[in-house]
Each structure stands twice: as C-alpha cells, then as structure tokens.
Amino acid sequence: MLLCDQYITPLTLPDALAQWAQAPEGSRLVTGGTDLLPWAREGRAGDVHVPMLIDLSRIGELTGTETLDGRIRMGANTVFQQFLVEDDLRRDLPCMPYCAVWFADDQIRQQATLAGNLVNASPAADGTAPMLALNGEIEIVRLEGDTVARRSLPVADFVLGPGKVDLEHDEIATAVTCDALPGYGGAFEKVGQRRSLVISTVCAACLVKPDHDRTTFQDVRLAMAGIGPVPVRLTQIEDFLTGKSISRQTIREAAAMNDGLVNSRTRQAYRKHVVEGFIERSLLNALSDYGLELAQEDIREMANA
Ligand SMILES: Cc1cc2nc3c(=O)[nH]c(=O)nc-3n(C[C@H](O)[C@H](O)[C@H](O)COP(=O)(O)OP(=O)(O)OC[C@H]3O[C@@H](n4cnc5c(N)ncnc54)[C@H](O)[C@@H]3O)c2cc1C
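Residues numbered from 1 in each chain as written. Predicted model: local features only at pLDDT ≥ 70, side-chain atom pairs only at ≥ 80, totals over all residues.

Draft legend 1. Seen up close, unusual backbone geometry. A positive phi angle, near 50°, is found at Ala 104, a position not held by glycine. By secondary structure assignment, the location of Ala 104 is in the loop between α5 (96-101) and α6 (106-111). Despite not being glycine, Arg 214 has its phi angle at roughly 65°, a positive value. Within the secondary structure layout, Arg 214 lies in the loop between β12 (202-210) and β13 (217-225). A residue is classified by how many C-beta atoms lie within 10 Å of it, and Arg 214, with 13 of them, is partly exposed. (Helix = DSSP H or I, 4+ residues; strand = E, 2+ residues; numbered from the N terminus. Buried ≥ 20, exposed ≤ 12 C-beta atoms within 10 Å, placed from the backbone.)

In structure tokens, the structure reads:
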C-alpha cells in the first residue's frame, strides 16, 4: 500500500525546486504516476511510505514542445499520446507514432511522459531506443543557492543500467531534446509477452533517409532496448548501410551483423533471433514509411515466405 503524508502540486519550476530541495528523505517526484503508482500499489517494496509526493504535471515550464535549428524540445510533461495526435511531432519524429501506438492504452498514454519513461529506466522502456536513434538529450535542473543550475546530457549517458540514471537526489528533469528528422521514414518494433498492453522484452527504433534518387541509404539510425542492461545504438550497422544501395540483399547482410549485440543474462538465443528479425523488419518498415514501394513488396514477400 502507498501512504503519503503530503501531496504537493507546484505551479512553477522555482517553487517545485524549492519544495524538492527541502523535501524529507524518501519523498518522490511524480508526473504521470504510471510507473510510480503500480510500483507502490503492487507492494514490490512492501508498504511504501512517502513523506511527500511532488506532482510536476501542472508546471507550465515543463509543458509544450518546440522545434528550433533541427532539434525538437519536449517539456518533461510531454505524454506519449502527443506523438500520435500532434502533427508537428508526427512530422519531426517519424518513428514515434509507431512507438506510441503500441504503448499501453489510450488512458495510460494520456498520462505517461517520455521523461518519466527515461527516468524510470526499465531495461526495455519504449522511449529509450527512439531517443538514442534521435540523439536525444535530457535537460536537468537543481537549485544552487537562489539560482537554478542547468545541465544537459545525452540519453545514452543518462541511462546507467536497469532503474539507474544519472540524476542527483535534488534534481528535476525539465525536458527531452532530440533531432527533428522530417522527411525520414520511421519504424518502431516491439515484442513482449502479449500483443497489447505489454511491456517490451525487446524493442527497436529505426529512421532512414534515402538519397535524392531513392536508391541508396543516405542516413540510417537504428537503436534497440532490452538486449542488455542499457539501450544501444547500432552504429556498426548504420555505418555499413550508409551509402549502400537499398536492396533486400543489403538489408539481410545488415541484419546478419548481430554478433555480440545481445548482452542480457536471460533468453539470449531468443533475443538474438529477435534482434536479427527486428533489424530487417524495422529497415523495411521505415523504408515503407518513407514511401518506397519496393520495400512494401519486400514486406509482403517476407510475410508470405
Ligand atoms: C498499464 C501500463 C502499461 C504500460 N505500458 C508501457 C509500455 O507499453 N511501454 C513502456 O515503456 N512503459 C509502459 N508502462 C510504464 C509507464 O507508463 C512509462 O514508463 C511512463 O512513460 C512513465 O511516465 P510517468 O510520467 O507516468 O512517470 P511517473 O510514474 O510519474 O514517474 C516515473 C519515475 O520518474 C520520476 N520522475 C517523473 N518525472 C520526473 C521529472 N520530470 N524529473 C525527475 N524525475 C521524474 C518519478 O519520481 C519516478 O521515479 C506502462 C505502465 C502501465 C501502468
């Protein structure tokens, strides 16, 4: 059971930081509550007594998104449903609608934030692979005396292991920033115990940009989560594909380059099989999203094989 002495809903960031700096030990931040509340309710930690819960969801400074100089900044209150319904986000982050559509259900998507997903750092959290592929960074603030000190670090360095992130006890994540990639094709693959309302076992994010005559890969972004303690960017495969002709053969060769990628303690053979399939499928689906009909034929052929 969750017991909480004080539930506070600050309306400004300075107020939240001041409350957080003075909060009794054991206090927690909460935004959507979709990780925090099940954790407490399910009693995985026994009865949970939280002296103070600080709800960040009403803070205006943490709300809203904007695109500037090829980067998009998403306030920490940005929820997964926005990646499905907001045109700017759909255009700039082509893999995110596919990520969001399989994320939980409508109600959870309205509550669950990208920032909370990254801070919670579940090994296969759906937000981590796309943010790696998109060169994501997380913005963090803390109070130093009367001033607000800010720092920013890549998501790849922020996530240190399952449930572990580079966030000090007095810090608050204020935003996630990442590359805006309009004109790319995007894909997101995930597998878990069942098809809907499922936490991923393995997930993959992919973005592709063919060159102007649509025959070679100009840029490829691939990342996966759930194959080791931290999410990984598949840079070796990206480098292999960049500049190569877009063909089923090239994609198969890329998918075969999966030795050493799986670094999980459990179900290694299964995860290796999934990794190979996801590299191939995510590339084909991203090309299909871009509008390359050849890839769609490939997908149909594969499905019929
Ligand atoms: C039914 C159900 C289905 C789900 N399905 C999926 C799924 O498909 N894929 C998936 O990846 N996850 C899934 N989840 C997990 C969860 O919804 C996500 O991880 C979600 O993105 C967490 O965001 P939140 O805003 O709810 O975080 P919260 O629960 O509010 O917080 C999570 C953690 O982050 C901290 N925190 C929150 N905001 C901040 C901040 N701004 N600064 C610093 N710390 C902060 C909190 O203290 C807490 O430790 C599911 C959960 C449920 C209950």
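Draft legend 2. Representation of the nonpolar core. Counting 87 residues, the largest nonpolar core has Cys 95, Leu 118, Ala 133, Cys 206, Val 208 and Met 224 as the members making the most contacts within it. Here Met 224 is in contact with Ala 129, Val 202, Cys 203, Ala 204, Pro 231, Val 232, Leu 234, Val 275 and Phe 278, once residues within four sequence places are set aside. (Core = buried A, V, L, I, M, F, W, Y, C linked by C-beta atoms within 7 Å. Contact = placed C-beta atoms within 7 Å.)

Draft legend 3. Focus on the site of the ligand. Lining the immediate environment of the ligand, one finds 29 residues, of which Gly 32, Thr 34, Ala 104, Gly 116 and Asn 117 sit closest. Considering every element that reaches the shell around the ligand, the biggest residue donor is helix α7 (residues 114-120), with 5 residues. Residue classes in the shell around the ligand are distributed as 17 nonpolar, 9 polar and 3 charged. Looking at which domains feed residues into the shell around the ligand, each of domain 1 (2-55) and domain 2 (60-179) supplies at least three. (Near = placed C-beta within 6 Å. Nonpolar A, V, L, I, M, F, W, Y, C, P; charged D, E, K, R; others polar. Domains from an automatic or database assignment.)

Draft legend 4. Representation of the confidence of the model for the chain within the structure. Scored by pLDDT, the chain has a mean of 91; 91% of the residues are at 70 or more. In the predicted structure, residues 299-305 sits below a pLDDT of 50 and forms 2 contacts with residues beyond four places in sequence or in another chain. (pLDDT = per-residue confidence, 0-100.)

Draft legend 5. Inspection of the sheet that holds strand β1 (residues 2-8) at higher detail. The parallel open sheet is built from 3 strands, whose spatial order is β1-β3-β2. Lying at the two open borders of the sheet, with one neighbouring strand each, are β1 and β2 (28-30). Here the average twist between neighbouring strands, direction ignored, is 40°. With 3 bridges connecting them, β2 and strand β3 (residues 48-55) associate as parallel partners. Residue pairing in the sheet places Val 30 in a bridge with Asp 55 of β3. (Pairing = 2+ DSSP bridges. Axes fitted to C-alpha atoms, helices over the stretch in contact; angles between N-to-C directions.)

Draft legend 6. Looking closely at the sheet that holds strand β7 (residues 147-154). Taken in spatial order, the 5 strands line up as β4-β5-β10-β6-β7 in an open sheet, and their pairing is antiparallel. Unpaired on one side and paired on the other, β4 (65-68) and β7 mark the two borders of the sheet. Mean inter-strand twist for the sheet, computed between neighbouring axes without regard to direction, equals 25°. In the sheet, strand β5 (residues 71-75) pairs with strand β10 (residues 172-179) via 5 bridges, with the strands oriented antiparallel. From the neighbouring strand, Arg 73 faces β10, where its bridge partner is Thr 177. Sheet strands in contact with helix α1 (residues 13-22) are β6 (137-144), β7 and β10, and its direction is about 65° off that of β6.

Draft legend 7. Local environment of the environment of Pro 97. Within the secondary structure, Pro 97 sits in helix α5. Along the sequence, Pro 97 and Gly 186 sit 89 residues apart, while their C-alpha atoms lie 8.8 Å from each other. Apart from residues lying up to four places away in sequence, Pro 97 is in contact with Phe 83, Leu 84 and Arg 90.

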